[in-house]
Amino acid sequence: MTTMKNLFKIFSIALVGLLMSCETTELDLRNNPNQVSPDQADVEFLYNSIQTNFGDFVDRLSEISGEVVRINYMFGRNYQSAYSPANFDTRWEQAYQIMFTDMDVLEPLAIDQLKFYHLGQVQIMKAYTLVALVDTFGDVPLSQAGQPGDFPNPVADPGAEVYSAAIDLLDSALSNLRGESTVGPATDLMYGGNTDGWIKAANSLKMKIYLSTRLTDASAVSKFNAIVSSGNFISSSADDFQFNWSTNPVDPGVSAHPRYLVDYSANGPGNYRSNSLMSYMLGPDKEDYSDDDPRIRYYFYRQRGDTPGQQGVPANASALPCSTQTKPSHYGPDNSFCAPQNGYWGRDHGDDDGIPPDNTSRTAIGVYPAGGRVDANQYENARAGEGGQGGGITPLILASTIDFYRAEIALFVNNSPGNALNFINAGITKSVAKVQSFQSLDTGLDADDQAVLDTVQSVGSFLSQIQSLYNGANDTGKKNIMANQFFVNLYGNSFDGYNFYRRTGFPTNIQPNLEPNPSGFIRSFFYPANEANTNQNINQKPNQTVQVFWDNNPGSPSFPVGN
Amino acid sequence: MRTKFSGILTLLLAFVVQISFAQEKTISGNIADEGGLPLPGVNVIVKGTSTGTQSDFDGNYTIQANVGQSLVYSYVGYQSLERPITASSSTISISMEPDTAVLNEVVVTAQGISREKKSLGYAVSTVSNDQIEQRSQGDVARVLEGKTAGVQILNQSGLSGSGTSVVIRGFSSFSGSNQALFIVDGVPFSSDTNSQSQNGTAASFVDGNTGSSRFLDLDPNNIESISVLKGLAAATLYGSQGRNGVILITTKNGKTKEGPAKTEIEITQSVFFNKIASLPDYQNRYGGGFNQGEADGFFFSNWGPGFYADGLGGYNGDPTIDENVTLPHPYLQTNFVDDLPEGFVPDRYEWKPRNNVTEFFRTGIISNTSVNVRGGGENVTYNTNFSHLDEVGFTPGNGLRRNTFGIGGRGKLSNKFTVTGSLNYVKNDFKTPPVAASGGSGALGTGSSIFGDVFYTPRSIDLIGLPYSNPKDGSSIYYRAGNDIQHPLWTVNNASNSQLTNRVFGNAAVQYDFSDNVNLIYRFGVDYYNERNINYQNKGGRNDDATYASGVYFVWDNNNTIYDHNVILSGDFDLSEKIGMSFNAGGTTRGNYFDQNGIASTGQVVFGVLRHNNFSNVQPIQYTTERNILGVYGSASFDYDNAVYATVSARNDWASNFSKENRSLFYPSASVSIIPTQIFDGLRSDGGINFLKLRAGYGTSANFESDPYPVFNGLNTNTTSFLSADGQLISNSTSSLLANPNLKPERLSELEFGVEATLFNRRVTIDASYFERTTEDLIVSQPIPPSTGYTSTNTNIGKIEGDGIEASVNVDIFKSDNNGFSWNSGVNFTKSESIVTELVEGTDQIIFAGFTNLGNAAQVGEQLGIMVGSQVQRVDQSNPALIGNAIVNSTGDYIALEQTEDGLIPIIGDPNPDFVMSYNNTMKFKNFSLNVLVTHQSGGDIYSETVATLLGRGLTTDTQDRLGTYILPGVNVDDDGVVTGPNTTNINNANFYFNNTFDAPDEVKVYDGSVIRLQEVSLGYSFPAKMLEKTPFGSFSIKVIGNNLWYDAYNTPEGTNFDPNVAGLGVGNGRGFDYLNGPSSKRYGFSVKATF
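Residues numbered from 1 in each chain as written. Chains lettered and ligands numbered in written order. Predicted model: local features only at pLDDT ≥ 70, side-chain atom pairs only at ≥ 80, totals over all residues. Heavy atoms only, no water.

**Some points on the sheet that holds strand β54 (residues 1006-1008) of chain B**
Residues and elements named next belong to chain B.
Argument step 1. Spatially, β54-β49-β57 is the arrangement adopted by the 3 strands of the open sheet, whose pairing is mixed. With one partner strand each, in any of the chains shown, β54 and β57 (1073-1074) form the two edges of the open sheet.
Argument step 2. Bridge count for strand β49 (residues 941-944) against β54 is 3 bridges, and the pairing is antiparallel. Residue pairing across strands places D941 opposite D1008, the latter belonging to β54. (Pairing = 2+ DSSP bridges. Helix = DSSP H or I, 4+ residues; strand = E, 2+ residues; numbered from the N terminus.)

**With respect to the interface of chain B and chain A**
Argument step 1. Counting residues at the interface gives 107 residues for chain B, matched by 103 residues for chain A.
Argument step 2. Across the chain B/chain A interface, buried area totals approximately 8200 Å², and carbon plus sulfur atoms make up 57% of it.
Argument step 3. In this assembly, chain B and chain A are joined by 0 salt bridges.
Argument step 4. Where chain B packs against chain A, one counts 21 residue pairs in polar contact (both at pLDDT 80 or more).
Argument step 5. When the residues that make up the side of chain B that touches chain A are grouped by side-chain class, the tally is 39 nonpolar, 50 polar and 18 charged. (Contact = heavy atoms within 4.5 Å. Buried area = accessible area lost by both parts, 1.4 Å probe. Salt bridge = Lys/Arg side-chain N within 4 Å of Asp/Glu carboxyl O. Polar contact = N/O pair within 3.5 Å; in protein donor to acceptor, adjacent residues only side chain to side chain. Nonpolar A, V, L, I, M, F, W, Y, C, P; charged D, E, K, R; others polar.)

**What about the environment of L963 of chain B?**
Argument step 1. Tracing the backbone through its elements, the reader meets L963 of chain B in the loop between α8 (945-952) and β50 (965-966).
Argument step 2. Through-space distance from the C-alpha of L963 of chain B to that of L489 of chain B is 34 Å; in sequence the pair is 474 residues apart.

**Section: the packing of helix α8 (residues 220-230) of chain A against helix α12 (residues 399-413) of chain A**
Residues and elements named next belong to chain A.
Argument step 1. Packing of α8 against α12 leaves a shortest axis separation of 12 Å and a crossing angle of 135°. Between α8 and α12, the angle falls in the class oblique. Between α8 and α12 the crossing geometry is left-handed. Touching V221, F224 and V228 of α8 are Y405, R406, I409 and V413, all from α12.
Argument step 2. In terms of residue class, the contact of α8 with α12 is made up of 6 nonpolar, no polar and 1 charged. (Axes fitted to C-alpha atoms, helices over the stretch in contact; angles between N-to-C directions. Parallel < 35°, antiparallel > 145°, perpendicular 65-115°, else oblique. Left-handed = near helix turned anticlockwise from the far one by under 90°.)

**Re the state of the cysteines**
All names here are of chain A.
Argument step 1. In this structure the tally under the stated criterion is 1 disulfide over all chains.
Argument step 2. Linked covalently through their sulfurs, C322 and C338 form a disulfide whose S-S length is 2.0 Å. Looking along the S-S bond of the C322-C338 disulfide, the torsion reads about 75°, which is the right-handed sense. Taken as a pair, C322 in the loop between β4 (300-301) and β5 (364-365) and C338 in the loop between β4 and β5 lie far apart in primary sequence, 16 residues in all. Residue C322 shares its accessibility class with C338, and that shared class is buried. (Disulfide = S-S within 2.5 Å. Buried < 20%, exposed > 50% of the residue type's maximum accessible area, 1.4 Å probe, protein only.)

**With respect to the environment of V648 of chain B**
All names here are of chain B.
Argument step 1. Along the chain, V648 turns up in strand β29 (residues 644-655).
Argument step 2. Given a relative accessible area of 46%, V648 falls into the partly exposed group.
Argument step 3. For the pair V648 and F583, spaced 65 residues apart in the sequence, the C-alpha separation amounts to 9.5 Å.

**What to know about empty space enclosed by the protein**
Residue and element names in this part refer to chain B.
Argument step 1. By volume, the largest cavity is sized at about 570 Å³.
Argument step 2. In terms of lining, the largest cavity is formed by 38 residues, of which the most central are Q152, I153, L154, V916 and Q937.
Argument step 3. Mapped onto the lining of the largest cavity, the elements with two or more residues apiece are β11 (151-155), β12 (164-168), β40 (822-838), β47 (915-925), β48 (928-938), β49 and β55 (1011-1022).
Argument step 4. The dominant element in the lining of the largest cavity, judged by the number of residues it contributes, is β11, at 4 residues.
Argument step 5. Class assignment of the residues belonging to the lining of the largest cavity gives a composition of 15 nonpolar, 19 polar and 4 charged.
Argument step 6. A volume near 200 Å³ is recorded for the second largest cavity.
Argument step 7. Forming the boundary of the second largest cavity are 19 residues, of which Q152, G170, T830, S832 and P913 lie nearest the centre.
Argument step 8. Of all the secondary structure elements, the ones that give two or more residues to the lining of the second largest cavity are β11, β40 and β47.
Argument step 9. Sorting elements by how many residues they give to the lining of the second largest cavity places β40 first, with 5 residues. (1 Å grid on protein atoms, 1.4 Å probe; cavity = no way out; pocket = protein on both sides within 12 Å on 5 of 7 lines; lining within 4 Å. Points joined across faces, edges and corners; volume = space filled by probe spheres on them.)

**Quick notes on the pattern of salt bridges**
Residue and element names in this part refer to chain B.
Argument step 1. Scanning the model with the defined rule gives 57 salt bridges over all chains in all.
Argument step 2. Measuring nitrogen to oxygen at the nearest pair gives 2.7 Å for the salt bridge that ties R135 to E1016. Placement of the pair is R135 in the loop between β10 (124-128) and α2 (140-144) and E1016 in strand β55, with a sequence separation of 881 residues.
Argument step 3. Of the charged contacts, one joins D527 and R503 as a salt bridge, the two residues approaching to 2.7 Å between their closest N and O atoms. Taken together, the residues span a long stretch of sequence, with D527 in strand β25 (residues 518-537) and R503 in strand β24 (residues 495-513) at a distance of 24 residues.

Structure (structure tokens):
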């Protein structure tokens, strides 16, 4: 009897135990409660992920292109080690892991929901991204990309094939944009819902592709010209293809221009501007402001008006170590060394010295393109929240850039310098007007500031200055002027500058690397570490001098000559 | 069977008593332990007879015996004693000494099963409470350091409450956790280090994972004993959870003995001083600046003019220093000068060395009070305790306060049921200034780093005296013109990471005895904690990240629950006279639930106000994971004549987060123990071998750990991805993790052999093991080509093969029976390695911790966890004559090589030590005891930003010789890489150090981490019982203790005084990196323990 009782007790305890343990016996806990499943995804939301990543991708990757061609400053004396493969990991992920994969999810949903504008626009972004990847890295994966089950190690497709896939994407985009769609994206950070603008962007991107391949594709120039004849490309600044940043500098939703955030931080400018570009824009006369490029006060914001070691200002070994040094012998007469005049405070190409406490002296990025401050000789420190609060742009393809494309064809293909000058003039005119229009972003300007800005050389006077230099120059000189003006135009997105430099070798009077033996110029960058280290079919390049498919110029170091 | 046997025994006993002589006499006495406490339950047997008794509750006994006979006193864990009976003896009181050989000891093994140690076929170490209690560390893992072979303890830093890594027998996996399982009173106990990650993002060491490891919730003074199950054979019954070895903790609440106990109150009070141990030796010959240039540059670095007037490098050469040896005040040339009221700072600033860093740190006081009460009657016993720990860190703003309360008990019911249970409550309050990783210039990531801004303060900077707060807006101000370093005092006063933990854990078990031989136990355990994390920084910090500088206030709760159910049927039979058998069969379910909820606010509105409504942006924090594991297990043990023991056991696990086909895994194990001294009588002699045991074990286990949801592909939603004119954009984006439905559990197997021996009149004991471990189907969070659309997936790839030796040798150098001088000396030795033997085809290197280009990697043929990063570029095979020479560029500096010809990141070091040793000495004389524990790690590289920064910025005595010039050894090359000749470029001291030890290829920052450490010294005195007779105390002892009093990392630069015991990548699988994560601590003080 006792045994019976006890057995009963045992069973009661076992039962309670069983009831309590129920929640620990469930063996199907495979779905992640922290995520949504693919069938819950939304076209609009995917589009937002793609467009914001696109803007960020272009801005940051093109910044590096600008560094190697002196539009921006490059840290690192040796080209081989200036950029480690890991530098590009995040960009590569933005392209392949975020944008392309999100596009793959978006496409069937968009077709199903008749959201063809969304689809057409992301196709243009993908084409732009593919071109940027080829121009930066050479052969990149595409045909086997985004299919992890079938292709765990996608091969890198030849750059030419990726280029032609980009053309196909643009054709598909054009048909989607011309088709009947119900509604476009709710927020379009590039064209604000202007579908005609997107169509022009697609055609203009084709022009960029044809221009890039003109050395290796005999029909490229005629294809380029066919689009010119169609007239349906970005010919007016009103149609400029650009990513519009907003002004929020902090989480959540950081949306200020990335370069604004670096320079207008709690600690002042975090970057250096390129001495080479600043010096060039100061014009032939380095002593006063009279012949400065009219854009200089919008591109750069100075925190002080004097530069140690220049114009009678004493050198300062602590603040600007190079101010006590002499110009290296391998620099040419056109090349500035150490620092330009009047407080323009940057760094020379390749300077890898430690960072002195000069945050209060460095020149910051200006109101164009980053939404910073306009320089009206205020000589105040750049601080967080100032100027246009980062509400700038990242240019994608500008009308002025197209003019320079056409100038290149006139000067380098058709050998017609007069025609080229017309395009250069047109490009400068559009560029100056656009850049100066950014003044309205900086609401902190007063009448005194305006008075200073009124003394800036007018665009007309600047054009005649360029024209007389151009007309007085020999062929190389003309090409250098065209190239340098193109580079000035490309401040903010320098992909085209890097391409141009590899395509033509101009400008030849570019500031050399501070290191006399910097190893060969970077003809394409190393593959990102996260791809090269993991992909069995992509081996890291032996060095940085591997040329992309459209670059049939002599190998480094003999080309380009400016290094 | 056993019942019958004891019946016969009783009859026999009665018979023996009947025929004994009439001249017997009554002997009585008292038995005490080594501390003078009464020892109940001691067996007292008349030698050569079956007559025996046990001492009672107060240690008293009475027995009948004849003159000429002798009495044998024996007790588990104590040396047996023999006393002759003479005509005069009627009272024999003895004091028993613990058996240092402890070979008859009973140890707690897996699932709480007690077994005789000699029967085990695998290695188990036990650490008794006298090695754990009254210590200066409140963290039980840190107390264990050096006390048992095969266990590696690594401190995240010396901060009070910082995380601790516990790894047994080295690493066996590189994506799953390698941390040991903690079992407290039979049920699993979370030892997580959540490290303050939010929304499921891996706790990033970059932004400073300062969270505590949750075993910090145990009070070492409340621990009765610790068993360490090292191998897989030992831990099979714990299933996959036990694969990294098990720290089995029995608390005083969990150990309530059967039978009556005397009510005893024990109070321990300890007070310690807590000081920085690794303060560098700063030089005071030169001050802040660069290139010995002008001092008013106010650099980060300390390469400025001398503090002496004349001669080369003297301050007379600096035009900014005037005849009064002053220079313009740094604040007057900053970008905040306009915010300062008139006279806020003096115009001039003295040029002199300052004890800035030393003064920044303080001496913390640690106070620990523990009260334990135990007692009970015949059938019900109980134990309860309370403890309070108040630990003030040596870093301002760092501290820890812990209260624990617990109760446990056992009731034996009349109807064959026994009920046991314990319940504990802990409140743990931990606080520290932010400790983000630093590369020697502020913080690497977005956060703030208290140590990043302290250690390289130039000698001329008055860290303590310079105001830290902008009088206008409260923001941080400091000496640099750009105001780009956050003043450390501002950080202390305006930023903090804290963790307030409320935790309840306990268990209840019901045992039913079917008979004396068979019983059934059901045990339920729960471990629940809530961690309230608060990270904040007021606005006005100097972070590069605008969000952080705008002021942040992150508040979130981590709720973690472990439910554990266990049913075990146990039996114990004698199959024949010589063969015994016991078995256990059980089933278990374990559920883990982690739920995180909170708010991340940014953009502080009113300075200093920490309410979410005072922040302009508010974002949710939410993250949930759950996982269940079901297990069925069984084991059977056989013994033959107390000489041969064999055990087989097996377990099957089912895990809930894998796909159905792959969620189950079976793992068996077997072990055998043979005692030759029992088998071959001739082998055993008093002066030779006293005891010898040989053992062998084979065990397997599995690992189901990976990402919490490895087989699900989803999208992340972000409702605040971009703030446009239209408002916040909502985005959907595909997850970067590629689901792998074919993922299988990782399989581990291990073979181990061991020998245990006692030699030379029990003076020497040896316990040594050799093991070989293989991990197959490694679950790897494998980085995959992003071009696939994903960046990682969980796969089963590769194989790791490891082996190792653990040995302990104990020698009684002096032995004494009567409280004379005794000296016991013991050595623990551990050496192990894990070699990666296979990775998936085509993958040559997987970097699994750290950064993608600087971290720990798995590479075929190399030790698991080798460090990879950039190397110094050297001449390659193209020039065989000069191969290996460093290449120096035209400015005279090294060039970095970012990758090898095969596209791999170069190997720069191996963080695995060659061997680890500890040397423990216990000396006793009268009532004094002295204990000295020295640990020695040989080898084990460490990448140290601390050393690199101190050298590169010219702070320590190592850099004092700085008037000459340097030429780096190496060669120059031309544009095509052809060697042009030896390097002849002269560089100055600043460039030599700054460019080539600090801003240099990673390889240069790797140092050998060998270290000798005086881990623990204690001197104790216990008052003799006689002195306490007239006091209420049953015992009273006092101890003076020091921890980490001295160390020497003898292969690191002398003046940096660097302590390599630091885990810069946090508690995880990364090793050998230091990002200025914090100095180590040195503690000393005293502790008093009294019972009454």
